[in-house]
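A structural walkthrough
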Amino acid sequence: MSQPFIKVENVSYSYDEEINLIPAVSGVSLEIEEGSYVAFAGRNGSGKSTFAKLLNMILEPSDGKIYISGKEIDVNAMTDAELMETRRNIGMVFQNPDNQLVATIVEDDVAFGPENLGVPSDEIRRRVDDALKTVGMSEYAKSEPQRLSGGQKQRIAIAGIIAMMPKCIIFDESTAMLDPSGRREVVDMMEKLNREYGITIITITHYMDEAVRADRVIVMDGGRVVMDGTPEQVYAEPEKIRAAGLELPQCAELVCRLREKGIKLDGCCITPESCAELICRALEVTSNE
Ligand SMILES: Nc1ncnc2c1ncn2[C@@H]1O[C@H](COP(=O)(O)OP(=O)(O)OP(=O)(O)O)[C@@H](O)[C@H]1O
Ligand SMILES: [Mg+2]
């Protein structure tokens, strides 16, 4: 039987047990398959970023175990080389693009990660070119990052991660500071990296319309996982979504409101296409009656 890429077993994390009676992450167990596209949603303070930092080994669990590719993450038992290799395999893109760009020229910025890994210089050149091409920013190789738009800056940050050739990229609210077109650029990039390159994508987002693009949605509340399923399954339970402090995706919200007005609609829908289909079906039934 194939092993999951990430396996989390009863993991908890407290920043300061004296002050925080409720741990930031509390008894979380889950598995993430290689090549999957998973969205984490949850109200402010529900533990999403803490959980992401545990996966990325910025933090160590207070309790429980994490396995990456079948190997237990134990900072004390792993060699430096093993730790570096595991860290390299899980890249992270953060919220503020300005905090992630370190160089004054785009291509130097993308080269920064592989340089730190000790990759030979001709190989770095190839990786930088490939990474910029993947994010559609080749023509900006010699540009100054400060001159780019928010979406373009995030794409450069993503290129810097891709150049380290990770198996997984975690996006922690990486679209939160962007305008709608910047958000679209970054979400399209996540989808491309997942579908075309097989990179496991974990995205943390407050935008439900972004979460529905994933194959799986995990909802956290109070440090725990409270919902876990396909977007269709998760958004078919509006009461639970609202209890977790979240809104429904726009299409699901529309269907909910129509139901409240007495229009009979069966099933859940999360995309404009499925929404249109659902409403058409209801109209046909009505017009035939
Ligand atoms: N550095 C820290 N020191 C102490 N407590 C922290 C720290 N970072 C987070 N916390 C607390 O841990 C809990 C979980 O926070 P976390 O940042 O993981 O939530 P989140 O779901 O990412 O929230 P947001 O949506 O606001 O980003 C919260 O109660 C928060 O106040
Ligand atoms: Mg957060």
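Residues numbered from 1 in each chain as written. Chains lettered and ligands numbered in written order. Predicted model: local features only at pLDDT ≥ 70, side-chain atom pairs only at ≥ 80, totals over all residues. Heavy atoms only, no water.

1. Notes on the overall build of the chain
The helix and strand tally for the chain stands at eleven helices and ten strands. Relative to the globule expectation of 19 Å for 289 residues, the C-alpha radius of gyration of the chain, 21 Å, shows essentially globular dimensions. The principal-axis extents of the C-alpha atoms in the chain amount to approximately 70 × 50 × 40 Å. Considering the chain as a whole, with its 289 residues, one finds that 48% of them fall into the buried category. (Helix = DSSP H or I, 4+ residues; strand = E, 2+ residues; numbered from the N terminus. Rg over C-alpha atoms; globule rule 2.2 N^0.38 Å. Buried < 20%, exposed > 50% of the residue type's maximum accessible area, 1.4 Å probe, protein only.)

2. Quick notes on the site of ligand 1
As a structural note, the neighbourhood of ligand 1 is formed by 13 residues, with N44, G45, K48, S49 and T50 the closest of them. S46 places a main-chain nitrogen or oxygen 3.2 Å from an oxygen atom of ligand 1. Within the side chain of S49, an N or O atom sits 2.8 Å from an oxygen atom of ligand 1. Tallied by class, residues from the shell around ligand 1 come to two nonpolar, eight polar and three charged. (Near = heavy atom within 4 Å. Polar contact = N/O pair within 3.5 Å; in protein donor to acceptor, adjacent residues only side chain to side chain. Nonpolar A, V, L, I, M, F, W, Y, C, P; charged D, E, K, R; others polar.)

3. Quick look at the domain arrangement of the chain
Along its sequence, the chain is organised into domain 1 (34–61 + 79–244) and domain 2 (249–289). For domain 1 versus domain 2, the distance between C-alpha centres works out to 34 Å. Between domain 1 and domain 2, the residue contacts involve nine residues of the former and six residues of the latter. Both sides of the domain 1 and domain 2 interface together cover about 710 Å² of buried area, and 67% of this is carbon and sulfur. When the buried area of domain 1 at its contact with domain 2 is split by residue, D209, Y235 and R242 rank highest and sum to 51% of it. Our count for the domain 1 to domain 2 interface comes out at one salt bridge. Taking the shortest distance from any N to any O, the salt bridge between R242 and E253 comes out at 3.4 Å. The tally of links from domain 1 across to domain 2 stands at two residue pairs in polar contact (both at pLDDT 80 or more). Only α7 (208–211), α8 (231–235) and α9 (238–243) provide two or more residues apiece to the side of domain 1 that touches domain 2. For the side of domain 1 that touches domain 2, the leading source of residues is α8, giving three residues. (Domains from an automatic or database assignment. Contact = heavy atoms within 4.5 Å. Buried area = accessible area lost by both parts, 1.4 Å probe. Salt bridge = Lys/Arg side-chain N within 4 Å of Asp/Glu carboxyl O.)

4. Concerning the sheet that holds strand β5 (residues 71–72)
The strands making up a sheet associate through backbone hydrogen bonding, with each pair oriented either parallel or antiparallel. If you walk across this open sheet you meet the four strands as β2-β1-β4-β5, and the pairing is antiparallel. Each edge of the open sheet is held by one strand with a lone partner, namely β2 (25–32) and β5. Pairing of strand β1 (residues 6–13) with β2, which is carried by five bridges, proceeds in the antiparallel orientation. What sits directly across from Y13, in β2, is V25. Taken strand by strand, helix α1 (residues 48–55) contacts β1, β2 and β4 (63–68), and its axis lies near 125° from that of β1. (Pairing = 2+ DSSP bridges. Axes fitted to C-alpha atoms, helices over the stretch in contact; angles between N-to-C directions.)

5. Overview of the side chain of T203
Examined against the element boundaries, T203 turns out to sit in strand β8 (residues 200–204). Dropping the residues within four chain positions of it, T203 is found in contact with Y37, V38, A39, F40, F171 and M190.

6. Quick look at unusual backbone geometry
The phi dihedral of M57 falls on the positive side, at around 65°, and the residue is not glycine. Inspection of the secondary structure assignment puts M57 in the loop between α1 and β4.

7. Focus on the sheet that holds strand β10 (residues 224–229)
In space, the six strands of this open sheet follow the order β6-β7-β8-β3-β9-β10, with mixed pairing throughout. Since the sheet does not close on itself, it has two edges, and those belong to β6 (90–93) and β10, each with one partner. Averaged over all adjacent pairs, the angle separating strand axes in this sheet is 20°, with direction ignored. The pairing of strand β9 (residues 216–221) with β10 spans five bridges and is classified as antiparallel. Its bridge partner lying in β10, V217 is registered against G229. This element, helix α2 (residues 80–89), spans β6 and β7 (168–172) of the sheet and lies at about 50° to β6.

8. Some remarks on the nonpolar core
Within soluble globular proteins, side chains that are nonpolar generally end up buried alongside one another. Counting residues in hydrophobic clusters, the biggest one holds 51 residues, and the most contacted among them are V110, L132, I158, I169 and Y235. The element best represented in this core is helix α5 (residues 150–162), accounting for six residues. Two domains each put at least three residues into this core: domain 1 (34–61 + 79–244) and domain 2 (249–289). Beyond its immediate stretch of four places on either side in the chain, I169 contacts G91, V93, I161, I162, L193, I199, T200, I201 and I202. Grouped together as the second largest cluster of nonpolar side chains are 30 residues, V11, F51, L83 and C168 included. (Core = buried A, V, L, I, M, F, W, Y, C linked by side-chain atoms within 4.5 Å.)

9. A word on the pattern of salt bridges
Here the idea is simple: oppositely charged side chains can pair when their charged atoms come close. Counting across every chain of the model gives 20 salt bridges. For E107, the salt bridge goes to R125, with nearest N and O atoms at 3.0 Å. On the criterion of sequence distance, the pair formed by E107 in helix α3 (residues 106–116) and R125 in helix α4 (residues 121–134) is long-range, its members being 18 residues apart. For R125, a relative accessible area of 40% gives the class partly exposed. Members of the salt-bridge network, linked through shared partners, are E107, R125, D129 and K142.

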